Amino acid sequence: MGIETLGTSLFLIDYSDKNKLFAYRKADLNEDSGRFEVADNTDPTAIDLNINPKIAANFKKYSKTYILCELDLYNSNYELHKGTEKLPVAIQKSRFSTPQEIIYKLRSSGLYIVQPNYNVLILTNPAKNGSVQGLYVDIKNDTYLIDSQHNYRLRSYNYTLKKYSFDSMDSLYKYSYKVAEPENGQNPFYLTSQESLAKYSTDESSIISADLNNVVRAEILKRLKNHTSKADLYSQNLKLLRSYLNDLDENEWTDDLAKKFHCDVDKINEVYEEIFQNAEYLAAGNDEDMANLKYTIKNNESIRQVAINEIEDDWKKQNDSKAKQLEKLTKDISSLSTKKTELTKQIEELTAKKEKLESQQQLATDVEAKVHQRIEDARKNAADFIAEMAFNQVATPKIYSVSHPQHLAISPFNPIKFKVDQQAAPIESASAKLAYNALKGPLLSMIDNQALLNELTAYLYVLHNQNRPLLLIGDDALDIAQLAALLLTGQPATQIECTGNFSAAVCQELQNIESPVIVLNNLIGSAWLSHINSLVHLSNKWLILTESFTDDLNLAPLGLYNFAAPIFTDVFELQSSKLSVTPAIDQSAHFYQFNYPPLADLKGINKSMRNHIEEETAWITKVLNGRDAYLPLFGYIYASGKKHLLSKLLNKIDTPTAHHLIKFQELD
């Protein structure tokens, strides 16, 4: 029976559960074009490799990765074509401008390889004309010595690397295949074949990857060793050295080295001259001897002979002492070389720490400048706020002062975005429905999405009603915080900048603030964060935390969400200029918690956070008369970095609100 061949194809080998071994065929390599082409839908999508013990044993070492190979079918008992298994080439960008800079990094501190399971093409930054160059490194053939954590360094015996050139990044990607990271589908990368690199590169050449000085020195010493071996001994007799110098054809071997390592012969000659200017590496002598040796090498035989005759007697008498001196010098050089390597490594580590500290210092400076600017803007608009309050006496909230604030940085309330309705009357009702509608009214002109408007209204109400701290993240965080304070208490919140150290005096001053709502700006990243437990237990105070930038959450511990419920304001696409504020609503209505179905898809979320989600969702659903609510779910999971769980859950929900949240997550 004939043998059917699957051909040279790109397979995803999956042995992650250690009991099953499958090969998923992703693409075929077109031998004519050199490109990976998506496999035909009629081909098998998954191949069970466990049916053949030999091929199973071959592929199990890969765990989960992409390989390029051929498979033959013997009545569906798959066989690996001998010699066809090979790794594709992963394309990796770098911040270096030239291949020489990449080589220096590989020779010194080492380079981080993103995809260490493949051979790698390390690219330079594109030049002004868009062209890029790449160095090909064959990790599988042990070209590299691993240092730690995917950090690779060239082995000492590696002298050359393959270099490829392309007109642009697009011309390289044209003959590549975009695949997903086996362990993380959110991080795609590109694979290509070595055949494609050789076929479609505008220039393929070899580039020297070693220290040229060491290469030339090694060549000289090798020739000296070969020369003395002719006499069947390693003699220190100067006659052998003279004979070696006579036989050394400089032009011939320097030309050979230049061709071997693809570099200019003039560079070889320069290194050659430098070595003989420091000839103590070849023979023990003083500075005058070395000058004479250089002179004899560069001139004719008779002058060379005169120089040799002058030192021959001394050489014979001092042979033993010179050998000992040379041995001691060699040991000293080895010791110094070891110390130099250690010091170089320490310098690199300290330099990296210095750069990190400088980066952190710059970040702190930038944050301080932005905070200062926001404070100045708030002060600038304070007069406008006071003037506006004077014309709205009925609805204007009282502003309470703090007695002798010695430690607090209090920011003035900025009223620019708020349009107070002078005709609105206070709402006095114990009905939860009326209270909800009163709170919802001013938000109608702010949020176009009706479902999210209902959720936000209910969420703000129940958080205040339960006195649960709130964390608002986004550009409109301060606006929503002040709006919630005015609507729910009839008074503006006191805004505090979390600067300086936290102390008992600071805590007491916060407690003495007469406003029932306190807004803490930029708590994350400040020294106050570790005292969050004291802050959220201030008596008779509703605490609202605000952060302007989502990126600041990277500095926050996940435990923060046990203290404060997160809401991302960017979700609502607020039209802040249309805000209107009405007096406070009555908050006497109380919602009792009821049993909420467990969220089965949130097994990756800790129990405390799941309890928050279920409890707060139950409250909002109660206010919304049983309709679904997603704000607590979105806020907590999005803030905790579990976005893959969020996508998994939202994609199962076919509602306008879920679609809006999915779109927001994709744009982030």
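Look up a bit, the structure's there.
Model, not experiment: these values are computed from the prediction.

Caption draft 1: Summary view of the pairing of strand 19 (residues 470-473). Alternating residues of strand 19 divide into Leu470 and Leu472 and Leu471 and Ile473, and every residue in both groups is buried. Examined bridge by bridge, strand 19 and strand 22 (residues 542-547) share 4 bridges and lie parallel to one another. Across the sheet, Leu472 pairs through a bridge with Thr546, a residue of strand 22.

Caption draft 2: Here's a closer look at the packing of aromatic side chains. On inspection of all chains with the given rule, the structure shows 9 aromatic pairs. An angle of 80° between the planes, with centres 6.5 Å apart, marks the rings of Tyr66 and Phe189 as edge-to-face. Of the two residues, Tyr66 is situated in strand 5 (residues 64-74) and Phe189 in strand 15 (residues 184-192); the sequence distance between them amounts to 123 residues. Neither residue differs from the other here; Tyr66 and Phe189 are each classed as buried. Between Tyr173 and Tyr190, the aromatic rings sit 4.0 Å apart at their centres with planes inclined by 15°, giving stacked as the arrangement. Here Tyr173, found in helix 3 (residues 169-173), pairs with Tyr190, found in strand 15; they are 17 residues apart in sequence, far enough to count as distant.

Caption draft 3: Region of interest: the sheet that holds strand 11 (residues 144-148). Ordered by their spatial adjacency, 3 strands build an open sheet running 8-12-11, and the pairing between neighbours is antiparallel. A strand with exactly one partner marks an edge of an open sheet, and here the two such strands are strand 8 (111-112) and strand 11. Relative to strand 12 (residues 151-154), strand 11 is paired through 4 bridges, and the arrangement is antiparallel. Paired with Tyr144 across the strands is Leu154, a residue of strand 12. Seen against the sheet, helix 2 (residues 99-107) touches strand 8, strand 11 and strand 12 and runs at an angle of roughly 100° to strand 12.

Caption draft 4: Main features of helix 2. Those residues of helix 2 that fall on the buried side of the exposure criterion are Pro99, Ile102, Ile103 and Leu106. Buried residues along helix 2 cover an arc of 100° about the axis, so they all sit on one side.

Caption draft 5: Seen up close, a nonpolar patch on the surface. A surface patch of nonpolar side chains, about 220 Å² in accessible area, is lined by Leu326, Leu329 and Ile333. Following the sequence through the fold, Leu326 ends up in helix 11 (residues 319-380).

Definitions and cut-offs
Residues numbered from 1 in each chain as written. Predicted model: local features only at pLDDT ≥ 70, side-chain atom pairs only at ≥ 80, totals over all residues. Heavy atoms only, no water. Buried < 20%, exposed > 50% of the residue type's maximum accessible area, 1.4 Å probe, protein only. Helix = DSSP H or I, 4+ residues; strand = E, 2+ residues; numbered from the N terminus. Pairing = 2+ DSSP bridges. Phe/Tyr/Trp six-rings, centres within 6.5 Å; stacked < 30°, edge-to-face > 60°. Contact = heavy atoms within 4.5 Å. Axes fitted to C-alpha atoms, helices over the stretch in contact; angles between N-to-C directions. Arc of directions from axis to C-beta. Patch = residues over 30% accessible without salt bridge, like charges linked within 9 Å, V, L, I, M, F, W, Y side chains within 5 Å. Areas by Shrake-Rupley, 256 points an atom, 1.4 Å probe, with all protein chains shown as cover. Salt bridge = Lys/Arg side-chain N within 4 Å of Asp/Glu carboxyl O.

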